[in-house]
Structure formats: C-alpha cells, structure tokens
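Listed below, chain by chain, are the residues.
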There are 4 protein chains.
Amino acid sequence: MSDVRADDLGPWLSPDDLDLVRRKVPMVYIDVVPVRLDVDGSLLRVGTLLRSPREGGLARAVISGRVLLHESVRTAITRHVEKDLGSMALPRVPASPQPFTVQEYFPTAVPHAFHDPRQHAVSLAYIVPIEGDATAQRDAIQLAWLTPEEAVDPAVRGECVSGHAALLSGAVAHLGRLG
Amino acid sequence: MSDVRADDLGPWLSPDDLDLVRRKVPMVYIDVVPVRLDVDGSLLRVGTLLRSPREGGLARAVISGRVLLHESVRTAITRHVEKDLGSMALPRVPASPQPFTVQEYFPTAVPHAFHDPRQHAVSLAYIVPIEGDATAQRDAIQLAWLTPEEAVDPAVRGECVSGHAALLSGAVAHLGRLG
Amino acid sequence: MSDVRADDLGPWLSPDDLDLVRRKVPMVYIDVVPVRLDVDGSLLRVGTLLRSPREGGLARAVISGRVLLHESVRTAITRHVEKDLGSMALPRVPASPQPFTVQEYFPTAVPHAFHDPRQHAVSLAYIVPIEGDATAQRDAIQLAWLTPEEAVDPAVRGECVSGHAALLSGAVAHLGRLG
Amino acid sequence: MSDVRADDLGPWLSPDDLDLVRRKVPMVYIDVVPVRLDVDGSLLRVGTLLRSPREGGLARAVISGRVLLHESVRTAITRHVEKDLGSMALPRVPASPQPFTVQEYFPTAVPHAFHDPRQHAVSLAYIVPIEGDATAQRDAIQLAWLTPEEAVDPAVRGECVSGHAALLSGAVAHLGRLG
C-alpha cells in the first residue's frame, strides 16, 4: 500500500478516485424526506427540492447524498440537510438508526429497483422534521412544502427523479397519512 | 479510465482492490440473525456461529458479509446465509427492505459505534427465519441454536465479536422476547 | 360484582354486551393484509376480499377483526385469517409484535382518522404471507390476488371500505413496491 | 339501549363500569418511554418513575395509561406524559403511528406475556423525547433519568413492574444503544 498517500484516508475523493471506487463497490447513501410537523407530531408538510438538471427541464427530489469514509450516518444526515436547506434548518435527526425504508439504485435496469446512471447505491431513507428556517441552497431553484395529498399526487410524482416518488409516498404512508 | 479493465466491473475484488476501496469509502454490509420460529411465528431459537479466529480463542458471531457491486440486498442475504449455513438452510428472506437496525463499524474507536479493524462498514441487520437443515460451513466450528434467554446472557455476549452481542439482544428485543 | 355471571369472563360477548362495551372503551382490532411472496421474499400479490354489504353494492376489504378477551394478538391474527381465507391458508404470522402501522377508526368524523359507524377501534396492522390454499369464506364473494400496482390503483382504492385503501397502499409501501 | 344514559358516551368510566368492561374486552393502552436526546438525536437518558405501591416497597415504571373512548392515540400520549411529568414537559409525540413494540398484559399467567392483575391490556409502546422541564407528579416519588447502561442494568430491571424492564431494554435496543 506504499502507493496510497496518507491523505487518501480522508473522506473526500478526487473525481478519478470516486469514478474508480464506483466501479468496485456499492456506495452508501442516505435519503432524507424533510417534513414539517404540527405541535402534536402529526404531519403538516413534506419538503421537496426543484432542480434544473444539466440535461434540461425540471426535476423534483428530496435530500440525498453519500456517507463519507469515517462519517457516521447521523452526521451525514445533518450535513446533507444543511447543504440543501441551509444552516438555519434545525433538522431533528431521528433517535433510532432504523431507516423507514432502504432503496437500491443501479446503473443498469433492475426490476423493482431504482436507477442511478452514476453508480450502484444502497440508500437508507429517513424522515427528518425541520424546525428552523429552510431555504433552497446552491443549485436548487425552489424548496416546496407540499401537503401530504400533494406529495403523492401523480403530477408531482411524475416530476421526481428515480426513486424519489417512492420516497415521498413511502414517507407519507409511514406517517399514516396515505388516505 | 483506460486503465480500468472490463472485468473490474464485476463484483469480486482482488485483495489489492479491496484494500484500496476500503481506504476510500464505507462498505455496504448486511448482518443476518438466523432464527427458528414456532408454528405461530413466535421465537424459539437464535442461531450463532462459533469460529476460531487466527489470533486464537473462540469468537461468537451471527452471519455477516459484504454486498457486492450489482448485487441486491435480497440476494446478498441469501448468499451469505447459504455460505454460512449451507444450501439446505431454506432462509426466509424478509418481505420488507426495512432492516430492524443499522449498525456502523469503524476501524478507529468511535463512541457508541462498533469496531472492525479492516474497514468502515454500514451494516443493515435483518432477522431471517431458517426453515431447512442448517450446518456450520467452512471455518465455523459450530452452529449453536440458543434460547432467547441464552442469546442475551452475559457469558454469551462476552464471546461475541464487536457489534454482534448488540445484534443478538436487538433481535430478541425486536421479537418481543427480551423479558 | 355478584351480578356478573362466571361466563361473562369468556371472550364471546352477547350482542347487548358488545353494544354496551362499545359505548365505554375503544376496541382492540387487528387488520391483516394477506400477501403472496416470491421465493426470495419479494412481493408478488396482495389479497383483498370482495363483500356484498347489507346496504348494497360491493365493498373491498382486507382481513379485519376484534381481539377477544384473553386472546393474544398472535392467536387473533391466525383466527381471523382462517375465518376469512379458510383453514388451509397456512398464514405465516409475523415473528415481531410490531405492526407496520396502527389505524384508528371512530364512529364520528375525525380528521385523518378512519370511520367505523359501530365503534371506536384501535387496529394493529400486519402483513401476513399466505403459503397454502386460500378461498373466500362465508359472506365474502371473492378473494382477489392483486399485483402491487393494482392494489394501489385509484379504481381499487375507490372500492375499499374506510381505512383499507390506506392499508393496501401502506403495505405495498412498507414492502418497497410503491413504485 | 334506552337504559344507557347519554353521558355513558363520555370517555370517563365509573369504577363499576370500568370493572364491568374489563371482564368483557381487552383494554387499549399506551406505554411511553421518555428520553432525553443529544442535539444530534442520539440517546442521552431514559426516564423512569419510582412509585410506592399500596402493597409496600418501591416499583419502577415508565409512563403508561389507557386510551379513552373517542381519544386518539396521539392525544393519549400527550395526556399521560403531562399527567406523570407535568405540563411543562414538552413531549415530542412521534410523527409515525407505528409503535416500536406492542406488549400484551394478562390477569392470568401467559407464557411470554406480561402480568396485570386488573385486566387484559394491549399496549402500544412509544419512545417520546422530552424537551421541557419534567417533574414527577402525583403518586410518583421520583423521576430518574438513567443512562442507557443503567436502564438495562439487572438491578434496575429487578425494580420494574411487569413488562417495564422489557420496555426499557427494548427502547434502548431500538435506539441502537444496547451495547
């Protein structure tokens, strides 16, 4: 391993390294469905991000990202929420490590799995109440807080990137509001 | 990427490649607690494997292993159960992708996380009923079917590799038999 | 309590007693979504019952019923499955007591709760794989095994009694097949 | 039903009515394990109440109580937390209706079930973070905030009323801190 530099142990990968690793192993991801809760804990709104992808059009998504080397799942949730909703979002990271579901993304077509052209990813999905001020960051055009009914509407589902319509419906179902 | 051979896309890694990847990203693992159920679904026994590690002594563990590139979690569960309990074990892979817990293993000491000197791993833990004939395979010395009470006994816990005592207790708790 | 006869301790209630109790306390119910699984545990079909209610028309429902005095939830699941699908259904009662959701039914209109004109009921919902031969019993006209896609179709949902469309969608979501 | 007075429809029962109903049907209960969380959502402390029961000695328990007629589970959780921890406790009622476990209590000895001499009860167990000031109310002598390790200590378990040692261990396991 003499050809591995000490800083390779750090969590951030160069584009080439990331490209290499993605051809070797599945990547650990987290998906976060941000929600607004009523004072009694019941679901008020589900947050979605509208982005403008390079290939044009609009794409709706929830918060999603990689777990870095030496990073805990709990830290990754906080980091990705702040990255997408800003540092004033005050996310309430779940007390339990159990995700409400696990979704698998493959670069090739796999029945009943989702598609990610970049990689094979296994993603732990969490519902995270947001208590502070959230605003769309970076490349996101808009943060839309949808009612539970809107979040499972076919039109909204049609705008979602692969897997994220299932995350929205799954989160609404898990919170007992699928109607 | 011209230096990546076509067969690098396959799921099996050379020792060097695995060593390299482990310095770059967390690895996706599954942990499987094998159980025997009564006809009414209630827990009868919890399976553990006794191994003789290179460093001497005895180590108790449940079934554990890596998810390969392009392999589904469902397939990985079946593969690792057959690898450890044989091809006649007839595992009943859970219908839901939701693990009963997620455990994190780090090569360094991290509070409230578990230890794996080889790597950072994020492991999805499932309870899998075994319906067929199971026998310890390969390097395992013995498959022991413990009562729920035995599975959480301090002496048994003391024999477990890092994280696996928590898996045993967590599985027994999840099945409502922690007493 | 001298006016309480010894046989009042038995689980079966006279219509008058049941009527009385329903005006005093919420009733414990179970809802069971019967499913057919593939050999690898993935969801193939979701079972629904078509009934012809007294008030006319057709109503679609899953398996549902009361937990009796001194009866365990596990026994109630088995009893209600056999009552609706026959004694050859071979239900696999879940190993864990944790329901995938809890639904509440009220005789009055309550936001985000379901309606049962007879009573206030708190119902524990379980997904139960069926391994044997199941046939609609008693007052059920038909047992229909739907694909996951059919089970969440708006037309099917529209035929369901209160709460049971949510049970179907919730079960499909919990099994990772909400698409 | 002419002999049922209008006010019988209210949720509160007279001692005689409660006695009668308990001989007819199982009662719907909730068990609440109060917890203190760190800012990143990880478990800091588990709350238990020390009581002095009529029969002498000391008994340790978590929060527990009946769901009333026409009362939602969500409202029952809030009401029982305030009853035991005071009106400044600021409980965070879970967003999901799914309990982390369900425990059954019987007046007679039933294997792997718990004991309640008063009744057959089916109890939905929830973990509820407490954010405000909590103080033992009414008949409770002390509210003790235990570390996760203390909460599963055999000495503490030995002080618990039937079923509540299992609730403590089960909650700690569900939050990934069973060690």
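If you look chain A up in an unreviewed UniProt entry, it shows as DUF4916 domain-containing protein from Litorihabitans aurantiacus.

(A) Quick look at the overall build of chain A. Within chain A one finds 5 helices and 8 strands. A compact globule built from 179 residues should have a C-alpha radius of gyration of about 16 Å, and chain A, at 17 Å, falls within 12% of that. Principal-axis analysis of the C-alpha atoms places the extent of chain A at approximately 55 × 35 × 30 Å. Here chain A, with 179 residues, has 59% of them falling under the buried criterion. About 7,500 Å² of surface is accessible on chain A, with carbon and sulfur atoms providing 54% of the total. Treating the 18 positive side-chain charges of chain A as one cloud and the 22 negative ones as another, the clouds have centres 1 Å apart.

(B) Spotlight on the relation of the copies chain C and chain D. Superposition of chain C onto chain D requires a rotation of 180° combined with a translation of 0.0 Å along the rotation axis, giving an RMSD of 0.0 Å. The transformation relating the two chain copies, once decomposed into turn and shift, fits a two-fold axis. With an isologous cut-off of 70% or more, the 100% of interface residues of chain C that recur at the interface of chain D puts this contact in the isologous class.

(C) Quick look at the interface of chain A and chain D. Taken residue by residue, the interface counts 16 residues in chain A and 16 residues in chain D. In total, about 1,300 Å² of surface goes out of reach between chain A and chain D, with carbon and sulfur atoms giving 51% of it. Taken together, the links from chain A to chain D amount to 2 salt bridges. Where Glu131 of chain D meets Arg92 of chain A, a salt bridge forms, and the shortest distance between an N and an O atom there is 2.5 Å. Between the two partners, chain A and chain D, sit 8 residue pairs in polar contact (both at pLDDT 80 or more). Of the residues contributing to the side of chain A that touches chain D, the split by class is 6 nonpolar, 6 polar and 4 charged.

(D) Region of interest: the interface of chain C and chain D. Taken together, the 38 residues of chain C in the interface contact 38 residues of chain D. Taken together, the links from chain C to chain D amount to 2 salt bridges. The interface formed by chain C and chain D includes 8 residue pairs in polar contact (both at pLDDT 80 or more). Of all the elements in the fold, those that place two or more residues in the side of chain C that touches chain D are helix H1 (15-22), strand E1 (27-37), strand E5 (101-106) and strand E7 (121-129) of chain C. At 5 residues, H1 of chain C tops the list of elements feeding residues into the side of chain C that touches chain D. Of the residues contributing to the side of chain C that touches chain D, the split by class is 24 nonpolar, 5 polar and 9 charged.

(E) Representation of the pairing of strand E5 (residues 101-106) of chain A in the model. Among the 6 residues in E5 of chain A, 6 count as buried, and that is most of the element. Where burial is concerned, the two faces of E5 of chain A agree: the one with Thr101, Gln103 and Tyr105 of chain A and the one with Val102, Glu104 and Phe106 of chain A are both buried.

(F) Structural detail: the pattern of salt bridges. Enumeration over the complete set of coordinates arrives at 32 salt bridges over all chains. Lys24 of chain D serves as the salt-bridge partner of Asp17 of chain C, at 2.8 Å between the closest nitrogen and oxygen. Remark: Lys24 of chain D occurs in the loop between helix H1 (15-22) and strand E1 (27-37) and Asp17 of chain C occurs in helix H1; the pair is interchain, linking two chains. Both residues of the pair, Asp17 of chain C and Lys24 of chain D, belong to the buried class. Here Glu159 of chain D makes a salt bridge to Arg60 of chain D, at a shortest N to O gap of 2.7 Å. With Glu159 of chain D in helix H4 (residues 154-159) and Arg60 of chain D in strand E3 (residues 59-61), this pair connects stretches of sequence that are 99 residues apart. Take Glu159 of chain D: its relative accessible area is 33%, and that puts it in the partly exposed class. Owing to a relative accessible area of 7%, Arg60 of chain D belongs among the buried residues under this scheme. Salt bridges linked by common partners bring Arg92 and Glu131 of chain A together with Arg92 and Glu131 of chain D together as one network.

(G) Layout of the packing of aromatic side chains. All names here are of chain C. Counted according to the given criterion, the structure contains 4 aromatic pairs over all chains. Ring centres of Tyr105 and Phe114 lie 5.9 Å apart, and the angle between their planes is 45°; this geometry places the pair in the tilted category. The pair Tyr105 / Phe114 is uniform in exposure class, with both members buried.

(H) Region of the structure containing the confidence of the model for chain A. Mean pLDDT for chain A: 91, with 94% of residues reaching 70 or above. Note on residues 1-9 of chain A: pLDDT under 50 across the span, and 11 contacts to partners over four residues away in sequence or across chains.

(I) Representation of helix H2 (residues 73-85) of chain A in the model. All names here are of chain A. Between the first and last C-alpha of H2 there are 18 Å, a value that for 13 residues agrees with the 18 Å anticipated at 1.5 Å per step. For H2, every residue scored as buried is listed here: Val73, Arg74, Ala76, Ile77, His80, Val81, Asp84 and Leu85. Along the long axis of H2, the arc covered by the buried residues comes to 160°, so they all point the same way. Immediately beyond the C-terminal end of H2, within one or two residues, lies Gly86, with a positive phi of roughly 95°.

(J) Region of the structure containing the relation of the copies chain A and chain D. The two copies are related by a screw motion: chain A maps onto chain D through a turn of 180° and a shift of 0.0 Å along the axis, at an RMSD of 0.0 Å. Here 100% of the interface residues in chain A have copies in chain D that are interface residues too; the copies meet face to matching face.

(K) Spotlight on the environment of Val35 of chain A. All names here are of chain A. Mapped onto the elements of the fold, Val35 is located in strand E1 (residues 27-37). For Val35 and Ala155, which are 120 residues apart along the polypeptide, the C-alpha to C-alpha distance reads 20 Å. Residue contacts for Val35: discarding those within four places in its chain leaves Leu43, Arg45, Ile127, Val128, Pro129, Ile130, Trp145 and Leu175.

(L) Just helix H1 (residues 15-22) of chain B, in detail. Taken as a whole, H1 of chain B has its buried residues at Asp17, Leu18, Val21 and Arg22 of chain B. Seen from one end, H1 of chain B has its buried residues packed into an arc of 130°, which puts them on one side. Relative to its buried face, H1 of chain B has exposed residues pointing more than 90 degrees away, namely Pro15 and Asp16 of chain B. Next to the buried residues of H1 of chain B lie helix H1 (15-22) of chain A together with strand E1 (27-37) and strand E4 (63-66) of chain B.

(M) Local environment of the nonpolar core. Counting 128 residues, the largest nonpolar core has Val33 of chain A, Val33 of chain B, Val33 of chain C together with Val33 of chain D as the members making the most contacts within it. In this view, Val33 of chain B contacts Val46, Val62, Phe100, Tyr126, Ile127, Val128, Leu167, Leu168 and Ala171 of chain B; residues no more than four positions away in its chain are not counted.

(N) Molecular detail of empty space enclosed by the protein. Under the criterion given, the structure shown has 1 cavity of 30 Å³ or more. In this structure, the largest cavity occupies an estimated 40 Å³ of space. Around the largest cavity, the lining residues are Val28, Val122 and Leu124 of chain C together with Val28, Val122 and Leu124 of chain D. Put simply, the parts of the chain that give the lining of the largest cavity at least two residues each are E7 of chain C together with strand E7 (121-129) of chain D.

(O) Geometry of unusual backbone geometry. In the Ramachandran plot, His70 of chain A falls in the positive-phi region, its phi being about 75° despite a non-glycine side chain. Mapping His70 of chain A onto the fold places it in the loop between strand E4 (63-66) and H2. Judged by its relative accessible area of 39%, His70 of chain A falls in the partly exposed class. The phi angle at Leu90 of chain B is positive, at roughly 50°, despite the residue not being glycine. Looking at where Leu90 of chain B falls in the secondary structure, it is placed in the loop between helix H2 (73-85) and strand E5 (101-106).

(P) Region of the structure containing the environment of Ala144 of chain A. Residue and element names in this part refer to chain A. When you line up the elements, Ala144 lands in strand E8 (residues 140-146). Each C-alpha atom of the pair Ala144 and His174 lies 20 Å from the other, and the pair is 30 residues apart in sequence. Those residues in contact with Ala144 that sit more than four places away from it in its chain are Val46, Gly47, Thr48 and Arg60.

What counts, and where the lines are drawn
Residues numbered from 1 in each chain as written. Chains lettered and ligands numbered in written order. Predicted model: local features only at pLDDT ≥ 70, side-chain atom pairs only at ≥ 80, totals over all residues. Heavy atoms only, no water. Helix = DSSP H or I, 4+ residues; strand = E, 2+ residues; numbered from the N terminus. Rg over C-alpha atoms; globule rule 2.2 N^0.38 Å. Buried < 20%, exposed > 50% of the residue type's maximum accessible area, 1.4 Å probe, protein only. Areas by Shrake-Rupley, 256 points an atom, 1.4 Å probe, with all protein chains shown as cover. Lys, Arg positive; Asp, Glu negative; His and termini not counted. Charge placed at Lys NZ, Arg CZ, Asp CG, Glu CD. Least-squares fit on C-alpha atoms with pLDDT ≥ 70 in both. Contact = heavy atoms within 4.5 Å. Buried area = accessible area lost by both parts, 1.4 Å probe. Salt bridge = Lys/Arg side-chain N within 4 Å of Asp/Glu carboxyl O. Polar contact = N/O pair within 3.5 Å; in protein donor to acceptor, adjacent residues only side chain to side chain. Nonpolar A, V, L, I, M, F, W, Y, C, P; charged D, E, K, R; others polar. Phe/Tyr/Trp six-rings, centres within 6.5 Å; stacked < 30°, edge-to-face > 60°. pLDDT = per-residue confidence, 0-100. Expected span 1.5 Å × (residues − 1). Arc of directions from axis to C-beta. Core = buried A, V, L, I, M, F, W, Y, C linked by side-chain atoms within 4.5 Å. 1 Å grid on protein atoms, 1.4 Å probe; cavity = no way out; pocket = protein on both sides within 12 Å on 5 of 7 lines; lining within 4 Å. Points joined across faces, edges and corners; volume = space filled by probe spheres on them.

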